[in-house]
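Summary of structural features
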Amino acid sequence: IETEDKPVETIKPEEIGMEESSENVTYEKIDLANIKPVEGMSIDLWKYDKKEVVIEKATVFKVPTNYADCETQWVLKVESEVLETIERLNDEGKPDNITFKASELYNLVQDSEGTLTGFPTAEGSNLQKFIRDLGIKNSEKIESLKELIDLIVDKKVLIKAYDKENQGKTRTYLKFRY
């Protein structure tokens, strides 16, 4: 490939692990001066930092873990209302939107076989800190996980944006402040 100003290095298919006669590779002259910037589909999640949102749902399920006696850990996932949506179409032309919301996983109590047995009541547990932040009084009197979920859903809470690096990429996440 060459531009009007200077040549651009061409990568041969075999250099990237493709067969030389690969049908997926095309070579053509491109004037790189005519290639303009395009705004990608990204959202600045930091604009939601310290924003008050409503908790839309709380669900209980298992996730893989390396920290429990068994291979999975029961968690309570708490999610906010949808904050923003990127509308897009999949390869078949059908809607395949991406939604953004704050969420957090709270470990639940299970026995060594992985059977769900309860939820943490210790003052220092993240779940109890979150419950206090929601303004739920007398959390020690909550008798079931269902009752706890019913108390959490539809409450207002502040969210926090934070950056996390993974494999050299920094991404922004939203969680609840407590």
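Structure shown above.
Let me sum up the structure you'll find in this document. (Residues numbered from 1 in each chain as written. Predicted model: local features only at pLDDT ≥ 70, side-chain atom pairs only at ≥ 80, totals over all residues. Heavy atoms only, no water.)

On to helix α1 (residues 126–133), then. Among the residues making up α1, those that are buried are Leu 127, Gln 128, Phe 130 and Ile 131. Within α1, the buried residues cover an arc of 160° as seen down the axis, which keeps them to one side. For α1, the elements touching its buried residues are β1 (52–64), β2 (72–80), β5 (103–107), α2 (145–152), β8 (156–166) and β9 (169–176). Trailing α1 by a residue or two, Gly 135 shows a phi angle of about 85°, which is positive. (Buried < 20%, exposed > 50% of the residue type's maximum accessible area, 1.4 Å probe, protein only. Helix = DSSP H or I, 4+ residues; strand = E, 2+ residues; numbered from the N terminus. Arc of directions from axis to C-beta. Contact = heavy atoms within 4.5 Å.)

As paired elements, β1 and β8 share three bridges and run antiparallel to each other. Within the sheet, the bridge partner assigned to Val 54 lies in β8 and is Lys 156. With eight bridges connecting them, β8 and β9 associate as antiparallel partners. Its bridge partner being in β9, Asp 163 is matched across the sheet by Thr 172. Count of turn residues in the β8/β9 antiparallel hairpin: two residues, of which Gln 167 carries a positive phi of about 55°. (Pairing = 2+ DSSP bridges.)

Attention shifts here to the environment of Trp 74. Looking at where Trp 74 falls in the secondary structure, it is placed in strand β2. A sequence separation of 36 residues divides Trp 74 from Gln 110, and the C-alpha atoms of the two residues are 7.0 Å apart. Once you skip the residues sitting within four places of it in the chain, Trp 74 turns out to touch Val 60, Phe 61, Lys 62, Tyr 106, Asn 107, Leu 108, Gln 110, Gly 114, Thr 115 and Leu 116. Of note is the side chain of Trp 74, whose polar atom sits 2.8 Å from the backbone oxygen of Gly 114. (Polar contact = N/O pair within 3.5 Å; in protein donor to acceptor, adjacent residues only side chain to side chain.)

This next bit is on the pattern of salt bridges. Two side chains bearing opposite charge may form a pair once their charged atoms approach each other closely. Evaluation of the coordinates by the stated rule reveals eight salt bridges. Between Glu 56 and Lys 101 there is a salt bridge, and its shortest N-O distance comes to 3.4 Å. Placement of Glu 56 in strand β1 and of Lys 101 in the loop between β4 (98–100) and β5 is noted, with a sequence separation of 45 residues between them. When its relative accessible area of 40% is taken as the criterion, Glu 56 is described as partly exposed. Across the salt bridge formed by Glu 79 and Lys 57, the nearest N and O atoms sit 3.8 Å from each other. Here Lys 57 lies in strand β1 and Glu 79 lies in strand β2, a separation of 22 residues in the sequence. Taken together, the shared-partner salt bridges connect Glu 56, Lys 57, Glu 79 and Lys 101 into one network. (Salt bridge = Lys/Arg side-chain N within 4 Å of Asp/Glu carboxyl O.)

Okay, α2 next. The periodicity of an α-helix, 3.6 residues per turn, causes residues three or four positions apart to be oriented the same way. Leu 145, Leu 148, Ile 149 and Ile 152 are the residues of α2 that are buried. The arc that holds every buried residue of α2, seen down its axis, measures 100°, which confines them to one face. Residues of α2 that are buried make contact with β1, β2, β7 (116–118) and α1.

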